[in-house]
Amino acid sequence: MIHKFKNLGQYIVLDVASGAVHSLDEKAYALLDCYDGNGVFLPENAAELGLVGAEYDEAKEELQSLIDEKLLFTKDIYAEIAKRWDKQSVVKALCLHIAHDCNLRCKYCFADGGEYMGKRELMSAEVGKKAIDFVIEQSGNRKNIEIDYFGGEPLMNFDVVKEITEYAKEQGRLRGKNFRFTITTNGVLLDEDKQAYINENMSNVVLSLDGRKEVHDAVRVRVDGSGSYDRVTPKFQKLAESRNQNNYYVRGTFTRDNLDFAEDVKHLMELGFEQISVEPVVAPETEDYSIRREDLPAIFAEYDRLAQILTNTRKSGKFVNFFHFMIDLEQGPCAYKRLSGCGSGHEYLAVTPSGDLYPCHQFVGKPEFKMGTVFEGKLDENIRKRFMNSNIYTKEACSTCWNRFYCSGGCAANAFNMNGDIDKPYEIACEMQKKRTECAIAMAAALSE
Amino acid sequence: MKHVKTISGANLAKSVNKGGCGECQTSCQSACKTSCTVANQKCEQKKD
Ligand code: SF4
Ligand code: SF4
């Protein structure tokens, strides 16, 4: 299977199963349609399309050599691997819901103002430490363990964050585990002390900032309804500088109210940020700010525009990283990782303030997905297996989708929320994912020139 | 080649041979928390 597309003025073909990417001229690109999909070239098809002459013969030969070298029209070998694979999955990452409470009232919050359809609650150090013990026990021979401090707003409970971090470091030393910490914050409570602690201990920090002031302030409001942009932006700029513009993300959300989100990315660049992520809102279509199918053409055009802006910036010698266009064509993750997905429910779990376990942060508060507690030290096997056994080949839509090794089957929570089944990916999210993969590949090709 | 420029080779197919150690970062921990993008992640094994 191949996927061909035009972007950034280039003709690109992705050979899905091998992962090879080629940039073609117009003639070779047109000739791709003359293959029968099984690696057999059909000259009569070319003649029918009017693709004849010496130039076409030459292009034909070049394409044929790619086929011979197994770089084009290769066969998918992974479905069999997925079937045979005796996956020994262990828990290696936790999302700790340090605070089910927030000092902002962002209108699009999937966590329902931090409360996750429950009550306002802070995690105790005791629960956090139990979670650390739990993940050490569950992680088997895995050395690297990730702890993400999430909320609500984790800075509302920062003393506990510190206590858990120190405990994990100590236990890691004793039991041969390498902990990596990350934290997400809206910045309201960020100060010098917290910044210093974060810089010393956290391998990544995610700073919530949507872009232009009017965009940010229309949504990310304080309890009294006023915007938070002025309060958090300077602190984020300082933090980003203090980390040498590395190992952090400013992370914005776009909704149908700012489909010109490339302007927000530009604004973040103007503020000096070099690690940027701006992503579509996750919301049911009943919300007026949610992304609908009819918004897709505008979103695609905006992604194209953004890819062009970022390519120009990079070509001018300035580095800006946009999370969703970042792609590593040479040393990306292995096929096993790509076919198995995000790991929710078996490798990655969320822990609520009271110690309940869920498949991931987006399942928190859905009683049918509660998998146990950190105190019991065991997991609901039915739920665990359900998630573990899900992969791109158990999802009908994915098994034939060209994008399957780039999104690894999409977000299980999205699929469940929108289609009632973790194996039925949410189509609108898929369309945007596919567009982003195209942009990312096209940028990589354009920058390799 | 005149009509084709290969940007990257069969890296996915090659990864089958040495992959699967599971030491890499969990996708959702990096920035996003709302979608599964794996292609931008790093492999923990140093390939050479
Ligand atoms: S884009 Fe959608 S259908 Fe395609 S592989 Fe990803 S989740 Fe599956
Ligand atoms: S189910 Fe979705 S939100 Fe949850 S960990 Fe996976 S990709 Fe992330």
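Please refer to the structure higher up on the page.
It should be emphasised that the depicted structure is a prediction, and the values quoted were computed from it without experimental measurement.

## Observations regarding the site of ligand 2
The environment of ligand 2 is made up of 13 residues, and the closest members are A:Cys342, A:Cys360, A:Cys411, A:Ala413 and B:Cys28. In this structure, ligand 2 is bordered by residues of chains A and B. Its residues assigned to classes, the shell around ligand 2 shows eight nonpolar, four polar and one charged.

## With respect to the interface of chain B and chain A
Counting residues at the interface gives 42 residues for chain B and 77 residues for chain A. Overall, the association of chain B and chain A removes approximately 5100 Å² of surface from exposure, summing both partners, and the carbon and sulfur fraction of that is 52%. Here chain B is connected to chain A by two salt bridges. One salt bridge connects B:Lys2 with A:Glu58, and the closest N-O pair in it is separated by 3.0 Å. Counting the contacts that link chain B with chain A gives 19 residue pairs in polar contact (both at pLDDT 80 or more). Elements with a minimum of two residues in the side of chain B that touches chain A: strand S1 (4-8) and helix H1 (11-18) of chain B. Residues belonging to the side of chain B that touches chain A are distributed by class as follows: 16 nonpolar, 19 polar and seven charged. With four bridges connecting them, strand S3 (residues 21-24) of chain A and S1(B) associate as antiparallel partners. Within S1(B), the residue paired with A:Val21 across the bridge is B:Ser8.

## Remarks on the packing of helix H5 (residues 125-138) of chain A against helix H6 (residues 158-175) of chain A
Residue and element names in this part refer to chain A. One can describe the packing of H5 onto H6 by two numbers: an axis separation of 9 Å at closest approach and a directional angle of 30 degrees. Relative to H6, the element H5 lies roughly parallel. Here H5 and H6 pass one another in a crossing that is right-handed. Of H6, the residues touching H5 (which contributes Ala 125, Gly 128, Lys 129, Ile 132, Asp 133, Ile 136 and Glu 137) are Val 160, Glu 163, Ile 164, Tyr 167, Ala 168, Gln 171 and Arg 175. When the residues that make up the contact of H5 with H6 are grouped by side-chain class, the tally is seven nonpolar, two polar and five charged.

## What about the pairing of strand S9 (residues 202-208) of chain A?
All names here are of chain A. Judged by how many residues are buried, S9 sits mostly within the fold: six of seven residues are covered. Here five bridges tie strand S8 (residues 178-185) to S9, and the two strands are oriented parallel to one another. Among the inter-strand pairings, Thr 182 is bridged to a residue of S9, identified as Asn 204. Between the parallel elements S8 and S9, the chain passes through helix H7 (residues 192-201) in a crossover that is right-handed. One ladder, built from four bridges, connects S9 with strand S10 (residues 248-254); its direction is parallel. Across the sheet, Ser 208 pairs through a bridge with Arg 251, a residue of S10.

## Concerning the side chain of A:Asp15
All names here are of chain A. If you trace the backbone, Asp 15 turns up in strand S2 (residues 10-15). Arg 404 provides the closest opposite charge to the buried, salt-bridge-free Asp 15, at an N-O distance of 9.2 Å. Polar side-chain contacts of Asp 15 include one of 2.7 Å to the side chain of Ser 18. Leave out the neighbours within four places in its chain, and Asp 15 touches Met 1, Ile 2, Ala 20, Leu 71, Leu 72, Phe 73 and Thr 74.

## Focus: the packing of aromatic side chains
Residue and element names in this part refer to chain A. Using the criterion set out here, one finds 18 aromatic pairs over all chains in the structure. Relative to Phe 181, the ring of Tyr 149 lies with its centre 6.2 Å away and its plane at 5 degrees, an arrangement referred to as stacked. Taken together, the residues Tyr 149 in strand S7 (residues 144-150) and Phe 181 in strand S8 connect sequence positions 32 residues apart. Each of the two residues, Tyr 149 as well as Phe 181, counts as buried.

## Re the site of ligand 1
All names here are of chain A. Around ligand 1 sit Ala 397, Cys 398, Cys 401, Asn 403, Arg 404, Cys 407, Gly 409, Gly 410, Pro 425, Cys 430 and Lys 434, and that is every residue in its neighbourhood. Elements with a contribution of two residues or more to the shell around ligand 1: helix H14 (396-399), helix H15 (404-407) and helix H17 (427-447). Residue composition of the shell around ligand 1, by class: six nonpolar, three polar and two charged.

## Concerning unusual backbone geometry
Residues and elements named next belong to chain A. The peptide bond linking Gly 151 to Gly 152 adopts the cis configuration, its omega dihedral lying at 5 degrees. Here Gly 152 shows up in the loop between S7 and H6. The backbone of Lys 70 sits at a positive phi, close to 60 degrees, despite the residue not being glycine. Within the element layout of this structure, Lys 70 appears in the loop between helix H3 (54-68) and helix H4 (78-84). Relative accessible area serves as the criterion here: at 59%, Lys 70 is assigned to the exposed category. Its identity is not glycine, yet Gln 245 carries a phi of approximately 55 degrees, on the positive side. Considering the arrangement of structural elements, one finds Gln 245 in the loop between helix H9 (229-242) and S10. For Gln 245, a relative accessible area of 7% corresponds to the buried category.

Basis of the calculations
Residues numbered from 1 in each chain as written. Chains lettered and ligands numbered in written order. Predicted model: local features only at pLDDT ≥ 70, side-chain atom pairs only at ≥ 80, totals over all residues. Heavy atoms only, no water. Near = heavy atom within 4 Å. Nonpolar A, V, L, I, M, F, W, Y, C, P; charged D, E, K, R; others polar. Contact = heavy atoms within 4.5 Å. Buried area = accessible area lost by both parts, 1.4 Å probe. Salt bridge = Lys/Arg side-chain N within 4 Å of Asp/Glu carboxyl O. Polar contact = N/O pair within 3.5 Å; in protein donor to acceptor, adjacent residues only side chain to side chain. Helix = DSSP H or I, 4+ residues; strand = E, 2+ residues; numbered from the N terminus. Pairing = 2+ DSSP bridges. Axes fitted to C-alpha atoms, helices over the stretch in contact; angles between N-to-C directions. Parallel < 35°, antiparallel > 145°, perpendicular 65-115°, else oblique. Left-handed = near helix turned anticlockwise from the far one by under 90°. Buried < 20%, exposed > 50% of the residue type's maximum accessible area, 1.4 Å probe, protein only. Right-handed = clockwise from strand over helix to strand, strands pointing away. Lys, Arg positive; Asp, Glu negative; His and termini not counted. Phe/Tyr/Trp six-rings, centres within 6.5 Å; stacked < 30°, edge-to-face > 60°.

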